[in-house]
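# Structural features, examined
Chain residues, written in single-letter form:
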Amino acid sequence: MAHLKTALTGYVSYRGREGQWAFLLHRISGLGTGLFLTIHIVDIALVYFAPQLFLEVLQLYRSTLFGIGEIFLVFCVFYHGVNGLRIALFDLKAAQRWNIPTARGSARLVLIIALVLWLPCAVWMLRSLLLHNFGLFQ
Amino acid sequence: MKRTLRIFRFHPEQDTRPHYATYSLEVQPTDRVLDLLEQVRAEYDPGLAYRRSCAHGVCGSDAMRINGRNALACKVLVQDLSTPVVTIEPLLGLPLIKDLVVDMEPFFAHYRAVLPYLINDEPLPADGRERLQTAAERDRFDETTRCILCAACTTSCPSFWANGQYLGPAALVTAHRFLFDSRDRAAPQRLQILSARSGVWLCRTAFNCTEACPREIHITRAIAEIKQSILKGRPAV
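Since this is a predicted model, take the numbers as computed values, not measurements.

## A word on the overall build of chain B
Helix and strand counts for chain B come out as 8 helices and 7 strands. Looking at chain B residue by residue over its 237 residues, the buried ones come to 42%. Residue pairs at least 24 apart in sequence account for 66% of intrachain contacts in chain B once pairs closer than 6 positions are excluded.

Structure, rendered in structure tokens:
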């Protein structure tokens, strides 16, 4: 418990640079993706164990709140994946390039790449959400 | 010029919880943060506790959080700090003793765990004097010999905050120094220690350690080289 308090204090109050922000975003996006995968495995399992409940869960998935959550989920997947590649590349292939400028620059680049990949998906998903839940763009 | 110093205070025999005390000081732009602490102790409170020794960035005694970042108080000048209020806090992740003093024993326990000494049981060279190495062999670990064990790196590490069992950057830097020494013969033993649960794989490359190091050691790079060595089963020269 003491370590949890220390870690949270550090995450919030320590003024780390891009590396710390990338670390935190990697953690959050990883937790978000993991949580979704868990929910997804459970809901798919309902097809076998409780088909009626599965249909009700599908209705929940079509709600606006879940729709917005899915848009952010896609960002989590993109960010976690691209940042994971960055870390693996430096750590396992290019250790000599681990220095402050490359660490800061690569962390920024990863965020840009993730946003570039995510934005078209986000627009498309948001449009779909507005179309189905609010009847816009018909 | 005027500066307000906001210092984390905790007296274990008087306080139930830490608090911050503020002190208004007349300072010079070229004053070091350590000078400010000395001024507070001289003018306001002789009971203020902090560590210092050489005061020239060599001994590593006065590492602390200055405006939210780890640094040596003797190396940070007032003119380097852009804020009118300078906040000083103890290192994070080590048990607090008093004010800015933390218990360094867990840090040194990790240091000892990586066998911080040369291991070579082979007979001495024919001349019976020293085990020679080339300049290139010496260069391989030159940077990691610069560590002064100030703990600025280890206590800036998010993995260490979350898990005190993690060896931490400073111990790994020391491990790197001996692992890549051509005269050392304990690489298998070292790699086993470093690949354990509390070892090198807990590094998440947050880079706070490299940013905080007052000796400008490329710590994350050294840790990555240890990771590669573990994967190869020998020092990845």
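## A look at the interface of chain B and chain A
Opposite the 25 residues of chain B that make contact, chain A presents 24 residues. Looking at the side of chain B that touches chain A, the elements with two or more residues in it are α4 (158-162), α7 (208-212) and α8 (219-232) of chain B. Of the residues in the side of chain B that touches chain A, the class split is 7 nonpolar, 12 polar and 6 charged.

## A short note on the nonpolar core
Residue and element names in this part refer to chain B. Counting 74 residues, the largest nonpolar core has Val-33, Ala-73, Ala-151, Ala-152, Ala-170 and Leu-172 as the members making the most contacts within it. By residue number, the principal contributor to this core is helix α5 (residues 168-179), which donates 7 residues. Residues in contact with Ala-170, not counting those within four places in the same chain, are Phe-107, Tyr-111, Cys-147, Leu-149, Ala-151, Cys-153 and Thr-154.

## A closer look at helix α4 (residues 64-93) of chain A
Here α4(A) spans 43 Å end to end across 30 residues, near enough to the 44 Å set by a 1.5 Å rise per residue. Within α4(A) the residues assigned to the buried category are Cys76(A), Val77(A), Phe78(A), Tyr79(A), His80(A), Asn83(A) and Phe90(A). Among the structural elements, α2 (18-49) and α5 (100-134) of chain A together with α8 of chain B are those in contact with the buried residues of α4(A).

## A few points about the packing of α2(A) against α4(A)
Residues and elements named next belong to chain A. Interaxial distance between α2 and α4 falls to 8 Å at its minimum, and their mutual angle equals 125 degrees. The angle between α2 and α4 falls in the class oblique. In this structure, α2 crosses over α4, and the sense of that crossing is left-handed. Seen from α2, the contacting residues are Ala-22, Leu-25, His-26, Ser-29, Gly-30, Gly-32, Thr-33 and Phe-36; seen from α4, they are Leu-73, Cys-76, Val-77, Tyr-79, His-80 and Asn-83.

## A short note on the domain arrangement of chain B
Residues and elements named next belong to chain B. Parsing chain B into structural domains produces domain 1 (2-102) and domain 2 (105-232). Centre-to-centre separation of domain 1 and domain 2, based on C-alpha positions: 29 Å. Every contact between the two is made by 14 residues of domain 1 and, on the other side, 14 residues of domain 2.

## A closer look at the pairing of strand β4 (residues 69-72) of chain B
Residue and element names in this part refer to chain B. Where strand β3 (residues 63-66) meets β4, 4 bridges bridge the pair, whose relative direction is antiparallel. Looking at the pairing, Ile-66 lines up with Arg-69 of β4. Adjacent in sequence and paired antiparallel, β3 and β4 are bridged by 2 residues, among which Asn-67 carries a positive phi angle near 50 degrees.

What counts, and at which threshold
- Residues numbered from 1 in each chain as written.
- Chains lettered and ligands numbered in written order.
- Predicted model: local features only at pLDDT ≥ 70, side-chain atom pairs only at ≥ 80, totals over all residues.
- Helix = DSSP H or I, 4+ residues; strand = E, 2+ residues; numbered from the N terminus.
- Buried ≥ 20, exposed ≤ 12 C-beta atoms within 10 Å, placed from the backbone.
- Contact = placed C-beta atoms within 7 Å.
- Nonpolar A, V, L, I, M, F, W, Y, C, P; charged D, E, K, R; others polar.
- Core = buried A, V, L, I, M, F, W, Y, C linked by C-beta atoms within 7 Å.
- Expected span 1.5 Å × (residues − 1).
- Axes fitted to C-alpha atoms, helices over the stretch in contact; angles between N-to-C directions.
- Parallel < 35°, antiparallel > 145°, perpendicular 65-115°, else oblique.
- Left-handed = near helix turned anticlockwise from the far one by under 90°.
- Domains from an automatic or database assignment.
- Pairing = 2+ DSSP bridges.

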